[in-house]
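The chain contents come next:
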Amino acid sequence: MTVTIGVIGGGQLARMMIPPAINLGLKISVLAETEGSSAERAADMVGDYRDPETVYAFAETVDVVTFDHEHVPEQILRELERRGKPVHPRPDALQYAQDKILMREKLTRLGVPVPAWVAISKSSELDEFIASHGGQAVVKTARGGYDGKGVRVVRDSSEVNDWISGLKDNEKLLVEERVEFVRELSQLVARRPNGEMKSWPVVETIQLNGVCATVLAPAPIKNTAVLEEAARIGHEVADGVGVTGVLAVEMFETVDGRVLINELAMRPHNSGHFTIEGSVTSQFEQHLRAVADLPLGATALTAPYSVMVNVLGGPPEGTMALRYQDVLAKHPRAKVHSYDKTPRPGRKVGHVTVTGEVFEEVRAEAEACAAAFL
C-alpha cells in the first residue's frame, strides 16, 4: 500500500522532496501557503498552516505529516498526535527548533557545548550581560527568526528597545556571547523512529548578510579533532532530542579551538543541498525514508569534493530559465536547481552544485556558474 507523505510548507525544500518520493514510490502531498509555490507540482491544498482546521483537514488526506519549515504552531501538532496522526519530527523534538530559548535550555541539559547565554526581558539584564561579555552581545528573538532575521549584534540595550518593549507576558529574548569564530560548520544527521541514525560528512558554510551562500563538502579542515567533535555533537543532539527525519546542527569553530552549537533545524537544510549530487543518498530522500520509517540509505560521497552555491536574488530581469542557453553551455559540469521563484534581492531562487576531484576547480566552477545567473 502506498504511503502518502504530507509536507506542510510549499517552499524549495518540499519541491526537492518530490523527485525522491517518486523514485521510492511514495505519494507526496503538500500544504502550500500560496498558489504558485515552489512545490506546486505536489500542492494538493493551499491554506494557512497556522489555522487548525486547515491543518487537520490536510492531515486527514495523508499517512504521516512532516515539514518544509518549523513554524506550524505546537498546539496544532500535538492535537494531530492526539488524533493518532504520525508527525515527524514529533512536537516534543520540534519545539527545540521552534523556540531558541527552549533549544538553549535543552542543549545545556544535554551537556553539549553552546555559547554563554541568558534569557532576558529587561534592559538592565541585557546591559549586565553585555558588560560581563566583552562589551557586546548577540540578541535573538526566541521564535520566528531565520536567515539572519531576528538577530542583532548590540553594544547597548537601547539597540533593541523596540524588541524589549514589544515583549508580551512571559516572553523573553535570547542573549548570547558574540563568538569569535574561524568558520561555521554544519553536521547533518538523519534519524528513524527506531533510533537508527546516518550522517553525512561535516561541511563548512559561508554566510552572506546572514544567509547561507556557499557550502563546502567536506569541510576543508586539517584538524580532524574539530571534525570528530562536530560529528559527535551532531549525533548526541539528534539522539538527545529524539528527532525523526533530517536534523542540521549548525556550529562555530572558534578561534580558540572549541566547537559551539549555533542553531538547530529539524528538516532538510541548505547545508545539505549538495547531497543531491554529492552523496549516495540525498538529504531529501533520507528525510522521506526516516519519516516513513524505512531503512536509511548510505551517505558516502560520490566524489571527493562538492561545492554548492546559492543563487541569491536572481537576475535583475526575467528568471533563471532565461539564462539557461548561455549558462548551461558554459558550465556543463554544474547541476542547476531553480526554485521557480520570482527574483528579489537576497531571495534564494536556486542553487548550483559542482562535484569533482580537485577542490579549487570545483569551487571556482560552482561560484562562476551561480554568478552567471545574477
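Scroll up for the structure.
Values in this document were obtained by computation on a predicted structure and should not be read as measured data.

Visitor: Before we go on, may I ask you to explain the side chain of Thr281 in this structure?
Guide: Summarising the element assignment, Thr281 is placed in the loop between α9 (275-278) and α10 (283-291). With near-sequence residues (within four places) excluded, Thr281 lies in contact with Trp200, Thr275, Gln286, Arg289, Gly297 and Ala298.

Visitor: Explain the pairing of strand β11 (residues 203-208) here, please?
Guide: In summary, the side chains of a regular strand alternate between the two faces of the sheet. Of the pairings in the sheet, the one linking strand β9 (residues 181-191) to β11 comprises three bridges and is antiparallel in character. Among the inter-strand pairings, Ser186 is bridged to a residue of β11, identified as Val203. Note that β11 and strand β12 (residues 211-217) share five bridges and pair antiparallel. Looking at β12, one finds that Ile206 is bridged to Thr214.

Visitor: Hey, could you run me through the packing of helix α2 (residues 52-59) against helix α3 (residues 74-82) in this one?
Guide: To describe two helices that pack against each other, one gives the angle between their axes and the distance between the axes. Packing of α2 against α3 brings their axes to within 10 Å, and their N-to-C directions diverge by 35°. As for how α2 packs across α3, the hand of that crossing is right-handed. Listed contacts from α3 to Pro52, Val55, Tyr56 and Ala59 of α2 are Ile76, Glu79 and Leu80. In terms of residue class, the contact of α2 with α3 is built from six nonpolar, no polar and one charged.

Visitor: Got a minute to help me understand α3 in this structure?
Guide: The α-helix advances 3.6 residues per turn, and as a result positions three or four apart in sequence lie on the same side. Restricting attention to buried positions, one finds in α3 the residues Glu74, Ile76, Leu77, Glu79 and Leu80. Once α3 finishes, Gly84 follows within two positions and takes phi at roughly 90°, a positive value.

Basis of the calculations
Residues numbered from 1 in each chain as written. Predicted model: local features only at pLDDT ≥ 70, side-chain atom pairs only at ≥ 80, totals over all residues. Heavy atoms only, no water. Helix = DSSP H or I, 4+ residues; strand = E, 2+ residues; numbered from the N terminus. Contact = heavy atoms within 4.5 Å. Pairing = 2+ DSSP bridges. Axes fitted to C-alpha atoms, helices over the stretch in contact; angles between N-to-C directions. Left-handed = near helix turned anticlockwise from the far one by under 90°. Nonpolar A, V, L, I, M, F, W, Y, C, P; charged D, E, K, R; others polar. Buried < 20%, exposed > 50% of the residue type's maximum accessible area, 1.4 Å probe, protein only.

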